[in-house]
Amino acid sequence: MRRPRNLAATIGGWSARHRWAAILVWIAFVAVATVAGNTVGTVGMRPYEGLNGDSRAAEEILDGAGFPEVTAETVLVQRRDDRLTVDDERFRAAVDAVRRAVLATGEAENVRTPYDTPPAPVTADRGTALVQFTMKGDAETAADRVGKVLDAVADVQRRFPDLRVAQAGAASAERTFGEVIDEDFVRAERLSLPITFGILLAAFGALLAAAVPVALAMTAIFAATGLLAFTGRLLPVDDMTPNLMLLIGLAVGVDYSLFYIMREREERAKGRGRERAIEIAAATSGRAVLVSGVTVMVAMAGLFVTGNGLFMGFAEGTILVVLTAVIGSLTVLPALLSLIGDRIDGRAVHGTVRLLTRGRVTWPRLLGVRGGESRLWRAILGPVLRRPAIAATLSAGLLVALAVPALDLRIGPQGIDELQGEQAIVDTFRRIEAAFPGGAEPAVVVVKARDVTAPEVTAAVDEFRRRALATGAFREPIVAEVNPDRTVARITVGIGGDGGDETARRAVRTLREDLLPGTLGRVGEAHVTGDAAAWLDFNDRLAVSIPLVFAFVLLLAFVLLLAAFRSIVVAVKAIVLNLLSVGAAYGVLVLVFQKGYGEGLLGFTSSGVITNWVPLFLFVILFGLSMDYHVFILSRIREAYDRGMRNEDAVAHGIVSTAGVVTSAALIMVAVFATFATLSLLTFMQMGLGLAVAILLDATIVRAVLLPATMKLLGDWNWYLPRPLRRLPRLHHGGDDDEEPADRPLGVAGPR
């Protein structure tokens, strides 16, 4: 008797029967989403939308206050030996050449040199000077126009090789970051796509079977990026979001197709008809894809709990690309398999191997696969199942040991040190900071009132200045500016520290808790922003958000797994194993990027911290992605168990029958993520390495050793479901419905 089909099987069956309709609808969807999205354009976040708390309130007021936006640039003029000083004619000629060059571009104004009144900064030894100017026009387009000025300054450097002449500033930094990111992601695509195709070609041994997953993943990415232009109108996203969508979309899109196609080919090899093979693949692998995709999206939705625009934008983009990949795998993929038929198994690699070996060796045999099962993983699984307690202890101990360094994890904001490699602007910023150490960026006090020039407000500003200087925590200059309609005042206040240390944080707290309530807070709405304030607010928000995000993700993942496998033990154990993987990834991040182990090998310079948003993002994305393999393997184990296999036999069958798919899928994810560890931005290196290490550990130590060892130890209690929960709907795991289930052995302990 055939069991009721699950949702994935129903969708897959319809698509296979109406293949042209499914394919044309998908093509139309991708085309419309891509074209419409490019036409509409993505809305970027406003500067305040990535902030939290009081600093966000301050920046939101400034954003609408109408203050002139000024983009400042600086040219460093520095001697290369001890001979020249600012007073020498040669030095003066270089400075004058810089002034004339930047003005000649038509993009610079308000140029100030060391020879003007008031003069631009000069070091005490008279060997280093700055030329300061501002960019003309709209600050938002300054980065697009600063190239002419950079070229002009570079020309001066060529004319004065005995001096160091280099430019740095907000516009030039934004331009450099943009160019580096664009070049990096073009290189990442060129690396990841051929590597992914090569792994698929090795896994399938067929060109068409390797091409379909890549094509489906890329179309899903195009469509999701187009949809982002519309959802971004409701929730604007950071500029990095499309790059993250490429990273995640390629990995999950290819993996989902791989799961599906492998199962369809397996069923065809058993002699199933084309439609029946697709039905079984949809009911089993399709269902695993659906559960995995929902789990990833649920995990990413946890970032909405933070209330931070950066995290919420990441969640928005990732959910879109995963949702699109899942829809493509469940709809158009069965249609393509039905249309292509056995041609997808066109054995270019297989035939070549048979030809070269004169038929004595097959491609699967070279890969160590016989009868659909991996000999390598069966060899590994044998000792694990014979000594499950030892295997579980050793594997869990290794993961815990890797996770221990994470106890020392320290986070920090992104800065100019993000850029790795030989970047001239980074060197220039460092030289300027070394020559003119300025400490932390000033705090900015924002006051909003009906008229900030009224006597009571100006008196409050004077009183604020007096009290601030009296504390000893603040220094001159304390400068107040008023917006055009006189409703907002912006007061910059010099503070100590470096912007991220306790000195700077204490100064911000003093402003908010002691100074403002008794002065500016009495005459209007007063807030504090600036680098130190934003960093403090981010940390405070993170401290509140992390427990909420963890609780949200873990609880919903538990509910999903409980519903999918009707086992409280499976759900709890999956969460524990995933937490071990995430903890180990954190530990490796700390060892590499915080402690600096492997700097020479990976070609980076450690900043001593992990970028502030990386750990939380890694948690949610790794928790979701690691469910791919867990759900896929458990589905095969549960499928075999439901057909009457003993628990130990079902575990062995599930592991070895999925080993080839899991290994290939893991290699693809590791390869894609590892390419991002080669980029020039330290944050992407951290994220890429963290994801690659976690997936590698998850697909090997966790799924091949720890999972089967614990399942062997627990026996039939793996499937334990308390009596009150037995009313949960029984979800069919698919499989060989045409076969009669074997008799269940007596003495089954765990109720199912």
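Going by the structure above, here's the rest.
Throughout what follows, the structure given in this document is the object of discussion.

Rules of the game
- Residues numbered from 1 in each chain as written.
- Predicted model: local features only at pLDDT ≥ 70, side-chain atom pairs only at ≥ 80, totals over all residues.
- Heavy atoms only, no water.
- Helix = DSSP H or I, 4+ residues; strand = E, 2+ residues; numbered from the N terminus.
- Rg over C-alpha atoms; globule rule 2.2 N^0.38 Å.
- Buried < 20%, exposed > 50% of the residue type's maximum accessible area, 1.4 Å probe, protein only.
- Contact = heavy atoms within 4.5 Å.
- Areas by Shrake-Rupley, 256 points an atom, 1.4 Å probe, with all protein chains shown as cover.
- Pairing = 2+ DSSP bridges.
- Axes fitted to C-alpha atoms, helices over the stretch in contact; angles between N-to-C directions.
- Expected span 1.5 Å × (residues − 1).
- Arc of directions from axis to C-beta.
- Salt bridge = Lys/Arg side-chain N within 4 Å of Asp/Glu carboxyl O.

1. Comments concerning the overall build of the protein
And step 1. Scanning the protein from N- to C-terminus turns up 24 helices and 12 strands.
And step 2. Relative to the compact-globule value of 27 Å for 752 residues, the protein shows a C-alpha radius of gyration of 30 Å, a close match.
And step 3. Seen through its principal axes, the protein has C-alpha atoms that stretch 95 × 60 × 50 Å.
And step 4. Out of the 752 residues belonging to the protein, those deemed buried represent 55%.
And step 5. Pairs at least 24 residues apart make up 79% of the contacts formed inside the protein by residues separated by at least 6 positions.
And step 6. By element, 60% of the accessible surface of the protein is carried by carbon and sulfur atoms, the whole surface being about 31200 Å².

2. A few points about the pairing of strand E4 (residues 163-169)
And step 1. For E4, the buried fraction is high: seven of the seven residues fall into the buried class.
And step 2. Every second residue of E4 is oriented toward a common face, with Leu163, Val165, Gln167 and Gly169 on one face and Arg164, Ala166 and Ala168 on the other, all of them buried.
And step 3. Where strand E1 (residues 72-79) lies against E4, seven bridges are found, and the strand directions are antiparallel. Bridge assignment links Val77 to a residue of E4, and that residue is Val165.

3. A few points about the sheet that holds E1
And step 1. Taken in spatial order, the four strands line up as E2-E3-E1-E4 in an open sheet, and their pairing is antiparallel. Edge positions in the sheet fall to strand E2 (108-112) and E4, since each has one partner strand and no second. The average undirected angle you get between the axes of adjacent strands in this sheet is 20°.
And step 2. Relative to strand E3 (residues 128-135), E2 runs antiparallel, the two being bridged by three bridges. Bridge pairing in E3 links Ala108 to Met135.
And step 3. Running over the sheet, helix H4 (residues 89-104) touches E1, E2, E3 and E4 and is turned about 155° from E1.

4. With respect to H4
Residues spaced three or four apart along an α-helix face the same direction, because each turn holds 3.6 residues.
And step 1. The terminal C-alpha atoms of H4 lie 22 Å apart, and with 16 residues this matches the ideal 22 Å at 1.5 Å per residue to within 8%.
And step 2. Those residues of H4 that fall on the buried side of the exposure criterion are Phe91, Ala94, Val95, Ala97, Val98, Ala101 and Val102. The arc that holds the buried residues of H4, viewed along the axis, is 155°, so those residues lie on one side. Exposed positions of H4 whose direction lies more than 90 degrees from the buried face are Glu89 and Ala104.
And step 3. After H4 finishes, the residue Gly106 shows a positive phi value of roughly 80°.

5. Looking at the environment of Glu481
And step 1. Within the element layout of this structure, Glu481 appears in strand E9 (residues 474-482).
And step 2. Considered as a pair, Glu481 and Arg465 are 16 residues apart in the sequence and their alpha carbons are 14 Å apart.
And step 3. Those residues in contact with Glu481 that lie beyond four places of it in its chain are Phe67, Val488, Ala489 and Arg490.

6. Focus on the environment of Ala170
And step 1. Looking at the secondary structure, you find Ala170 in helix H6 (residues 170-204).
And step 2. Judged by relative accessible area, Ala170 falls into the partly exposed class, the value being 48%.
And step 3. Measuring from C-alpha to C-alpha, the distance between Ala170 and Met135 comes to 9.9 Å, with 35 residues separating the pair along the chain.
And step 4. Non-local contacts of Ala170, meaning those with residues more than four positions away in its chain, are made with Thr71, Ala72 and Glu73.

7. Topic: the pattern of salt bridges
And step 1. For the structure shown, the criterion picks out 32 salt bridges.
And step 2. Taking the shortest distance from any N to any O, the salt bridge between Arg158 and Asp155 comes out at 3.6 Å. Taken together, the residues span about one helical turn, with Arg158 and Asp155 both in helix H5 (residues 142-159) at a distance of three residues.
And step 3. Judged by relative accessible area, Arg158 falls into the exposed class, the value being 59%.
And step 4. The partly exposed category is assigned to Asp155, whose relative accessible area is 32%.
And step 5. Three or more residues are tied together by salt bridges with common partners; here these are Arg263, Glu267, Lys270, Arg272, Arg636, Glu639 and Arg643.

Keep in mind these values describe shape, not function.
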